[in-house]
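A closer look at the structure
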Amino acid sequence: MGISLFASLSSKFVHPQLRPLVSKMSFFDAILFHIVHFVDKLGIWHRLPVFIGLTYLGIRRHLHDRYNLKAVGELAGREYNVKKYPYRTADGTFNDPDDQLTGSEGTFFGRNMSPSTSHYGLMDPHPSVVATKLLARKEFADTGKQFNMLACSWIQFMIHDWVDHLEDTQQVEIQAPEEVANMCPLKSFRFFRSKKVLTSSPNVKIGYLNRRTAWWDASAIEGNDETGMRKVRTFKDGKLKIAGNGLLEHNKKGIAISGDVRNSWVGLSTLQVLFIKEHNSVCDMLKECYPDFDDERLYHHARLVTSAVIAKIHTIDWTVELLKTNTLLEGMRINWYGILGKRFKDRFGPILGSKLSGIVGQKKPEDYGVPYSLTEEFVSVYRMHSLLPDKLILRDIKAKTTEQGSLLVAEEVPMEEMIGKEGEKRLSRLGMEQMVVSMGHQACGALNLYNYPNWMRKLIPQDVNGEDRPDLVDMPALESNFTSSHNVMC
Ligand code: HEM
């Protein structure tokens, strides 16, 4: 009686697409699910007292680990002698002791939910209508003092480390319907959809492949495979290439040389330079302490250190600023250091499992029976192009600061002039210092509706080598199509 009453109340409370998942939960987990769902409907978790907020996040994590990790395809790799691979390989293989292919270049994106079974068709609503009526920027909304352009560039720097869907070789076309055609900068556009690959998984028949390594391995500066890695290394003292002017080197076509240069702009290039310099200074430090280390050993150790620094910045600095609540601050620190905190971890190491001593440094991955991958839902959420402004405000770094502690504006440059090869040329005129200072002064865009940059509605996309493609794309329409064609539940 009690259970059937619970089931009937639940069916009214829970969205139809979530019901099959809830029906598979144990009774106890179903109760936990309803508690978090109730809090979600009230939209208050971030305002709860820290301890209660952390309990809420802990329950979510528990449910997520049990029900929201879905393997796509099989890896068919093998166990191996971990002692032979004490470093990060070029293509992300040999990182998971149970299977050398996990998370490597060219493996499947996983999923957090089964593909959506929504009855709406791919073009319903039409992507150009969504782009025009819901996404396109009406008036630039910024994030005030919370998040600046360095933070915006940072997340693109991370995306270039983690994910890029392998594309099909055939283009598809989207044509704007009449109702919005005269409000679309491109009436129609052609683009390469992600390549569909049959999987062996019973519940996710079609999957997509990641052409970047899914690991946090600094591949945005180090490359995603052997060819990429060879392109960026100097093969001397473990170091990566950097130009005489302290910026990225360029090939004969003017395309930057770095781990991943696709769809780049000066903000991203600046961070690549910063972390190449970090890698190289770790090499110097190591060489001083271990003069017998050769180029190979210096390179591998520096890559490990640099990857760890990047992961730490993202976990306990960037993410905390993005969500800016005390609960998140504590939550992310627990992720890194564990419930027992930094002092305990610094003193004893990660000896008591991930919850007490933090995720980092554990001997075996805790993957809850699902090999590590990044997921389709993760990519959809991180398509944060609304962070990008319409123009970059360059500061005069030679001038004195104003009374408000700010620097005078030297120039406002439209973002279109800051991307691709043109952006690279401009960066070489500006230099690193002016870019970093300017980005630190400027708020980035807010992640709101009606805030997708209009200059991205006629964008020149690039191929994997950073070469401009001939066909312009309407990015918000493309993204709306991406989410529905990948059956991501919204
Ligand atoms: C000037 C800066 C940027 C340019 C020119 C740019 C351009 C692009 C283009 C052309 C795509 C491919 C679209 C597709 O075929 O699906 C893309 C994908 C993506 N971008 Fe950006 N982007 C920029 C900044 C950012 C920023 C700041 C973020 C923030 C997180 C971001 C996140 C992503 C993600 C997650 C994808 C999907 C990758 C995938 O398919 O796996 N981008 N971007």
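Everything that follows concerns the structure shown earlier in this document.
Heads up: these notes are all about the structure in this document. All figures in this text were calculated on a predicted structure; none of them were measured in a lab.

Reading guide: rules and limits
- Residues numbered from 1 in each chain as written.
- Predicted model: local features only at pLDDT ≥ 70, side-chain atom pairs only at ≥ 80, totals over all residues.
- Heavy atoms only, no water.
- Donors = N, O, S within 2.8 Å, 3.2 Å for Na, K, Ca; no water.
- Helix = DSSP H or I, 4+ residues; strand = E, 2+ residues; numbered from the N terminus.
- Axes fitted to C-alpha atoms, helices over the stretch in contact; angles between N-to-C directions.
- Parallel < 35°, antiparallel > 145°, perpendicular 65-115°, else oblique.
- Left-handed = near helix turned anticlockwise from the far one by under 90°.
- Contact = heavy atoms within 4.5 Å.
- Patch = residues over 30% accessible without salt bridge, like charges linked within 9 Å, V, L, I, M, F, W, Y side chains within 5 Å.
- Areas by Shrake-Rupley, 256 points an atom, 1.4 Å probe, with all protein chains shown as cover.
- Salt bridge = Lys/Arg side-chain N within 4 Å of Asp/Glu carboxyl O.
- Buried < 20%, exposed > 50% of the residue type's maximum accessible area, 1.4 Å probe, protein only.
- Core = buried A, V, L, I, M, F, W, Y, C linked by side-chain atoms within 4.5 Å.
- Near = heavy atom within 4 Å.
- Polar contact = N/O pair within 3.5 Å; in protein donor to acceptor, adjacent residues only side chain to side chain.
- Phe/Tyr/Trp six-rings, centres within 6.5 Å; stacked < 30°, edge-to-face > 60°.
- Lys NZ or Arg CZ within 6 Å of the ring centre and 35° of its normal.
- Arc of directions from axis to C-beta.
- 1 Å grid on protein atoms, 1.4 Å probe; cavity = no way out; pocket = protein on both sides within 12 Å on 5 of 7 lines; lining within 4 Å.
- Points joined across faces, edges and corners; volume = space filled by probe spheres on them.
- Nonpolar A, V, L, I, M, F, W, Y, C, P; charged D, E, K, R; others polar.

On to the coordination of the iron atom of the ligand. Looking at the protein side alone, the iron atom of the ligand has one donor only, H385 (NE2), at 2.1 Å. Tracing the sequence through the fold places H385 in the loop between α15 (376-381) and β5 (391-395).

Turning next to the packing of helix α6 (residues 149-162) against helix α11 (residues 295-323). Where α6 meets α11, the closest approach of the two axes is 12 Å, and the angle between their N-to-C directions is 135°. In terms of their interaxial angle, α6 and α11 are classed as oblique. Both α6 and α11 take part in a crossing whose hand is left-handed. For the pair α6 and α11, contact is made by A151, W154, I155, F157, M158 and W162 and by I310, I313, H314 and W318, respectively.

It is worth spelling out a nonpolar patch on the surface at this point. Judged by side-chain polarity, I339, L340, F348, I351, L352 and L356 come together as a nonpolar surface patch covering roughly 550 Å² of accessible area. In this structure, I339 sits in the loop between α12 (326-337) and α13 (341-348). In this structure I339 comes out as exposed when scored by relative accessible area, which is 55%.

Let's shift gears to the nonpolar core. Within the largest apolar cluster, 68 residues are counted, with the highest numbers of intra-cluster contacts made by W154, F157, F189, W265, L392, M418 and M435. Here this core gets nine residues from one element, more than from any other, and that element is α6. Sequence-distant contacts of M418, that is, excluding residues within four places in its chain, are made with W265, V266, L392, L394, V413, G423, R426 and L430. If you look at the next biggest cluster of nonpolar residues, it comprises 16 residues, including L21, M25, A30 and F33.

A few words on the site of the ligand. By nearness alone, 22 residues border the ligand, and Q156, H165, Y382, R383 and H385 come closest of all. Within the contact set of the ligand, an oxygen atom lies 2.8 Å away from a side-chain nitrogen or oxygen of H165. One of the side-chain N or O atoms of H385 is found 2.8 Å from a nitrogen atom in the ligand. Elements supplying a minimum of two residues to the shell around the ligand: α6 and α18 (475-485). Sort the elements by how many residues they give to the shell around the ligand and α6 lands first, with four residues.

Attention now goes to the packing of aromatic side chains. According to the stated counting rule, one finds 17 aromatic pairs in the structure shown. With 4.9 Å between their ring centres and 90° between their planes, Y80 and F94 make a pair best called edge-to-face. Of this pair, Y80 sits in the loop between α4 (50-67) and α5 (127-135) while F94 sits in the loop between α4 and α5, placing them 14 residues apart in sequence. Considered together, Y80 and F94 belong to a single accessibility category, that of buried residues. Plain terms: the ring middles of Y290 and F293 are 4.8 Å apart, the flat faces sit at 15° to each other, and that makes the pair stacked. A relative accessible area of 12% places F293 in the buried class. Taken together, Y80, Y85, Y87 and F94 form an aromatic cluster joined through their ring pairs. In this structure, R233 packs its charged tip against the face of Y299, placed 3.9 Å from the ring centre.

Turning to helix α17 (residues 432-441), its buried residues are M432, Q434, M435, S438 and M439. All buried residues of α17 project into a common sector of 165° when viewed along the axis, lining one side. In this structure, the buried residues of α17 make contact with α6, α10 (266-289), β5, β6 (409-414) and α16 (420-430).

The next thing to look at is empty space enclosed by the protein. In the structure shown here, the tally under the stated rule is three cavities of 30 Å³ or more. The calculated volume of the largest cavity comes to roughly 100 Å³. Broken down by element, the lining of the largest cavity gets its largest block of residues, three residues, from α16. Its residues assigned to classes, the lining of the largest cavity shows four nonpolar, six polar and two charged.

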